[in-house]
Amino acid sequence: MQCFIALGSINKLIAFPIIGGIFKFIAELLLFNVKSKIYTHPFILGINSGLGMCLSFFPFIIEKIISKRLKKKDANNNNNIQIKGIQIDLYSEKFKKIKKFKYLLIFVSGAFDFLQKFITFYFVDNIENNFWTFDILFLSLFSYFILKTKLYIHQYISLLGIIIFGVILNVINLFDKNPSIESIIIVFSVEITYTFNIVINKYAMNNFFCSPFEISFYEGLFVLILNLILLFSSNKDNFSTYYDSLDSKEIWIFILLMLSRLSFNIFGLLTVKYFTPSHVVILLIVGEISFSFKYKNNYKLYLTIIIFCILLFMLLVFTEIIELNFCELQKYTKKNITERSIEQTLKDALYELNDGLMNKDERNSVGNDDCNDSNIEIEGYEFEMKDCFKNNK
């Protein structure tokens, strides 16, 4: 008897969002209730974030060196031809166009990343809560329109559950507060900008050979330059005031925030590369567990933990790490669709093979009553087939 709940298709690379979430959790936990001057300096926070992402430069350079070595080994591949001693690259023009559009996408990605951080840091006083539970909805919508990704019944049900329990979680968090419409709009703007940027990055990696380290570095450079310009041209922030307040504690907080941003961005992009944009929410939910620690030992703490567990379960169903084997909810998971496709391919191959072995005279001479059923098993799949085929006449 099949179990109602089973593990789906699990890739060892699923460690990327989990590790990224753990880094975020540790950073949030270490900075929990820690007062720092940097939180009152939005553009310095932006510079901190940009510097963190710029550290992707080192793995990006290593990746480039390895890539060049591999290209040298494949220098005599079929992409090049020689005519009268002149080597012609058949795809050079195509690659030039791809490269231009690639950097355009990276520029767009950097702009949206800057916009998201600018809204977050500039309006930090108005942001009372994080509506990250709605990210799965925005990611699904953007993926549908940009990546042409469709959802199936098990994903619609789990998505609905995530939204419902996400609303409940936010009601609990904001129960004794009075959030303004402005703060809610700001928070939703941050989440929409963030999720749109994730989907754009996935599109760039899928279609224009962008590396996660490359995107992270250029995004960081873009954010760093713009925040430096704003820091010295705006009255919203003051570098000398922050510099005067620096001590060992502030320096350690600055470094921790920088490394936290680096790990969050790198592991997020690696997750998007190898999985779907929706898998990033695994990173978010692991990282946001520390959010429940702000409550003391009361009903809010227990409710938050229970809801986090439910949200995690629903998310694992959505990403098909867990399968629900009832009401045919498992029918359209990637794992089962692939298995049915392999099964159908093997069946078609078997029938073609038998058609090739039997000549026309044999088909005409064999009666329908002489056919016997038999089973054949190939690579774990068992098929029922006939020992003979019906007369075609």
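Predicted, not measured: the structure shown is a model, and the values here were computed from it.

1. So, the overall build of the protein
Check the secondary structure of the protein and you find 14 helices and 6 strands. Across the 393 residues that make up the protein, the buried fraction comes to 41%. Within the protein, residue pairs in contact and separated by at least 24 positions form 81% of the contacts whose partners lie at least 6 positions apart. As displayed, the protein offers around 23100 Å² of accessible surface, 63% of which is attributable to carbon and sulfur atoms.

2. Observations regarding unusual backbone geometry
A positive phi angle, close to 55°, is found at F209, a residue other than glycine. By the secondary structure assignment, F209 is in the loop between α7 (181-207) and α8 (212-233). Unusually for a residue other than glycine, E320 sits at a positive phi of about 65°. Checked against the element boundaries, E320 lands in the loop between α12 (299-318) and β4 (322-324).

3. As for the nonpolar core
Residues I38, W132, I136, C210, I285, L311 and L315 are the most contacted members of the largest nonpolar core, which totals 72 residues. Dropping the residues within four chain positions of it, L315 is found in contact with I136, I162, S278, V281, I282 and I285.

4. As for a positive patch on the surface
Taken together, the side chains of K64, K68, R69, K71, K72, K73 and K99 define a basic patch exposed on the protein surface. Tallying contributions element by element places helix α3 (residues 57-73) first for the positive patch, with 6 residues. Among the structural elements, K68 can be located in helix α3.

5. A look at the side chain of D135
As for its placement among the helices and strands, D135 is situated in helix α5 (residues 135-147). Not counting chain neighbours up to four residues away, the residues in contact with D135 comprise E191, Y194, T195, V281 and L284.

6. Comments concerning the environment of T241
By secondary structure assignment, the location of T241 is in helix α9 (residues 239-244). Overall, T241 belongs to the partly exposed group, its relative accessible area being 45%. A sequence separation of 204 residues divides T241 from K37, and the C-alpha atoms of the two residues are 9.4 Å apart.

7. Some points on the confidence of the model for the protein
Predicted coordinates in areas of low pLDDT are best not read in detail. Per-residue confidence for the protein averages 80 on the pLDDT scale, and 80% of its residues sit at or above 70. For residues 78-88, every residue scores under 50 in pLDDT, and the model assigns this stretch 16 contacts once sequence neighbours within four places are set aside. Predicted confidence for residues 376-393 stays below pLDDT 50, and this span has 46 contacts to residues more than four positions away or in other chains.

8. So, the packing of aromatic side chains
Taken as a whole, this structure holds 23 aromatic pairs when the rule is applied. Their ring planes at 25° and their centres at 5.9 Å tell us that F16 and Y274 sit as a pair that is stacked. Here F16, found in helix α1 (residues 15-30), pairs with Y274, found in helix α10 (residues 248-274); they are 258 residues apart in sequence, far enough to count as distant. Put simply, the rings of F57, F58, F60, Y103, F217 and Y218 touch in pairs and so form one group of aromatic residues.

9. Section: the environment of A204
Relative to the elements of secondary structure, A204 occurs in helix α7. On the accessibility criterion, A204 (2% relative accessible area) is buried. In the structure, A204 is positioned 101 residues away from Y103 in sequence and 9.3 Å away in space, judged by C-alpha atoms. Leave out the neighbours within four places in its chain, and A204 touches L105, F209 and C210.

10. Considering α12
Compared with an ideal rise of 1.5 Å per residue, which puts 20 residues at 28 Å, α12 spans 28 Å between its outermost C-alpha atoms and is within 8% of the ideal. Here α12 has its buried residues at K300, L301, T304, I307, F308, L311, L315, L316, V317 and F318. Looking at the buried positions of α12, the neighbouring elements they touch are α5, α6 (153-173), α11 (280-287) and β4. E320 sits one or two positions beyond α12 and adopts a positive phi of about 65°.

11. As for helix α2 (residues 42-54)
Relative to the 18 Å expected for 13 residues at 1.5 Å per residue, α2 spans 18 Å between its end C-alpha atoms, a close match to the ideal helical length. For α2, the tally of buried residues reaches 12 of 13 residues, placing the bulk of the element in the interior.

12. Let's talk about the pattern of salt bridges
With the rule as written, the count across this model stands at 2 salt bridges. In this structure, the salt-bridge partner of K102 is E214, at a minimum N-O distance of 3.2 Å. One end of the pair, K102, is in helix α4 (residues 92-122); the other, E214, is in helix α8, and 112 residues separate them in sequence. Accessibility expressed as a relative area gives 10% for K102, which makes it buried. Judged by its relative accessible area of 2%, E214 falls in the buried class. Here K117 makes a salt bridge to D113, at a shortest N to O gap of 2.6 Å. Here K117 and its partner D113 are both found in helix α4, 4 residues apart, which amounts to about one turn of the helix. Summarising the burial analysis for this pair, K117 and D113 share the class buried.

The rules behind each value
- Residues numbered from 1 in each chain as written.
- Predicted model: local features only at pLDDT ≥ 70, side-chain atom pairs only at ≥ 80, totals over all residues.
- Heavy atoms only, no water.
- Helix = DSSP H or I, 4+ residues; strand = E, 2+ residues; numbered from the N terminus.
- Buried < 20%, exposed > 50% of the residue type's maximum accessible area, 1.4 Å probe, protein only.
- Contact = heavy atoms within 4.5 Å.
- Areas by Shrake-Rupley, 256 points an atom, 1.4 Å probe, with all protein chains shown as cover.
- Core = buried A, V, L, I, M, F, W, Y, C linked by side-chain atoms within 4.5 Å.
- Patch = residues over 30% accessible without salt bridge, like charges linked within 9 Å, V, L, I, M, F, W, Y side chains within 5 Å.
- Salt bridge = Lys/Arg side-chain N within 4 Å of Asp/Glu carboxyl O.
- Lys, Arg positive; Asp, Glu negative; His and termini not counted.
- Charge placed at Lys NZ, Arg CZ, Asp CG, Glu CD.
- pLDDT = per-residue confidence, 0-100.
- Phe/Tyr/Trp six-rings, centres within 6.5 Å; stacked < 30°, edge-to-face > 60°.
- Expected span 1.5 Å × (residues − 1).

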